[in-house]
Amino acid sequence: MDRRANAFFVISAFAVLLGCNGPQTPEAPAVDIELVQDPAISTSAEVLANLAALRLIVDSPQGLYAPGQQQSHGNITVANADDDEMLELVIRLPLKEGSLPTIRLEQGGLPDVPLDLHVVGTKGESADSQIVAEGLARGVSLERPPGVLMIPFNLRPELLPPRVVDVFPRNGDEITGCEIEDIVLLFSKPVSEQSLGAPGAVSLTPTGTVLEMRHDASGLIAHLKVAGLVGDGGTLAYRLGVTSVITDLDGLALDQVPAEEGAQGFEQAFSVRCSPPPQSPDTDDKSCGSTRPDGDCQVAKKDGKPPALTCEEGVCVPSGCAAIECSQSFVCDAAIGACAVDCRFYGGALCPAMRSRCDDDTGLCLE
């Protein structure tokens, strides 16, 4: 069955369910839907490899069907597909190897109200099977369709490999003195402490040695004690490598470039500026992880701004979203104090009920 046949399959079944007089005409109010993957998140091949079943859930903030109006015909049902008492139209979509269907949704017996179109891909065929990919489009009008509607449809964050999303100090930062003793890595999801400590997990070149690695209770932040990163008094240059030996808690290897086949590690060149050290350096150990309660984490200092890092339970952690600069496709979510996947890559489908609006400007879930 080709992509066009998939679209007409949806039209004819939709008409039968609602008691219409056969398939709708090409001029009937309708919208054509394409499911789009962003290579910054996941590829089409990755999505298809995880999918066993696909369904389109049609809903409206005004409600489509009242309780008691359940019905079913073939791959089309009216059922409760969410947490409210109203019912939704649920269309099971055909899958064929190697591609996702193009969907034409016609007005049929649907009321002329703004529609929410939620596309869900599952690992199994049953209704309660694990959701592995999804996307959402809100406020769609079939009377005034937006041409071809592109719905983002990507693997859910828990199925994505871990990535390095921020590093302290950053390239171009200014440090006190010209020696780095602490490096902090932020990950997109919790990583295994055992893999983090594996030989070759982190490297520094041309000089530099990782003495110790600790991560915080969340598993999202790794604190590296390093030696041998010493500059010439004006600048300090080095290269940091984080390999795919590091895995998440499910064993997925770190993959910094999802669009490329295989797992790519993180590698970046850094050059930091050195400011003069204090006139009378304090010889007491004030580093984070020492016995002193005011352990120092100021590895990235900028005039007029609070320290980027703070010491908590012996591990340097960011002092808030103002200090974090998440990498591409991630945004800092103050609700969790870490980098989260940009909700725009899912059309807002990931946003929780209390923060259900995906902000078009920031990619954050808002109230």
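Our subject is the structure listed above.
Reference entry: report on the structure contained in this document.

### Some points on the pairing of strand β11 (residues 164-168)
Move 1: Burial within β11 is extensive, with five of its five residues counted as buried.
Move 2: Sheet topology note: the β11/strand β13 (residues 179-187) ladder contains four bridges and is antiparallel. In the strand pairing of β13, Asp 166 is matched with Leu 186.

### Focus: the side chain of Ser 188
Move 1: Note that Ser 188 resides in the loop between β13 and α3 (193-196).
Move 2: Ser 188 gets classed as buried once you look at its relative accessible area, which sits at 17%.

### Re the packing of aromatic side chains
Move 1: This structure, assessed with the given rule, holds one aromatic pair.
Move 2: Centre to centre, the rings of Tyr 238 and Phe 270 are 5.4 Å apart; their planes meet at 10°, and the pair counts as stacked. Here Tyr 238 is found in strand β17 (residues 235-242), whereas its partner Phe 270 is found in strand β18 (residues 266-275), with 32 residues between them in sequence.

### So, the sheet that holds strand β15 (residues 209-215)
Move 1: Read across the sheet, four strands follow the order β11-β13-β16-β15 without closing on themselves; strand pairing throughout is antiparallel. Since the sheet does not close on itself, it has two edges, and those belong to β11 and β15, each with one partner. Taken over all neighbouring pairs, the strand axes of this sheet differ in orientation by 20° on average, direction set aside.
Move 2: Sheet analysis places β13 next to strand β16 (residues 221-230), joined by seven bridges and oriented antiparallel. For Asp 182, the partnering residue across the bridge sits in β16 and is Lys 225.

### A short note on unusual backbone geometry
Move 1: Residue Phe 168 is joined to Pro 169 through a cis peptide bond whose omega torsion reads -10°.
Move 2: Checked against the element boundaries, Pro 169 lands in the loop between β11 and β12 (174-176).
Move 3: Following Thr 205, the chain continues to Pro 206 via a peptide bond in cis, the omega torsion being 0°.
Move 4: Among the structural elements, Pro 206 can be located in the loop between β14 (202-205) and β15.
Move 5: With a phi angle near 80°, Ser 329 is a residue other than glycine that sits in the positive phi range.
Move 6: The class of Ser 329 is buried, set by a relative accessible area of 7%.

The rules behind the values
Residues numbered from 1 in each chain as written. Predicted model: local features only at pLDDT ≥ 70, side-chain atom pairs only at ≥ 80, totals over all residues. Heavy atoms only, no water. Buried < 20%, exposed > 50% of the residue type's maximum accessible area, 1.4 Å probe, protein only. Helix = DSSP H or I, 4+ residues; strand = E, 2+ residues; numbered from the N terminus. Pairing = 2+ DSSP bridges. Phe/Tyr/Trp six-rings, centres within 6.5 Å; stacked < 30°, edge-to-face > 60°. Axes fitted to C-alpha atoms, helices over the stretch in contact; angles between N-to-C directions.

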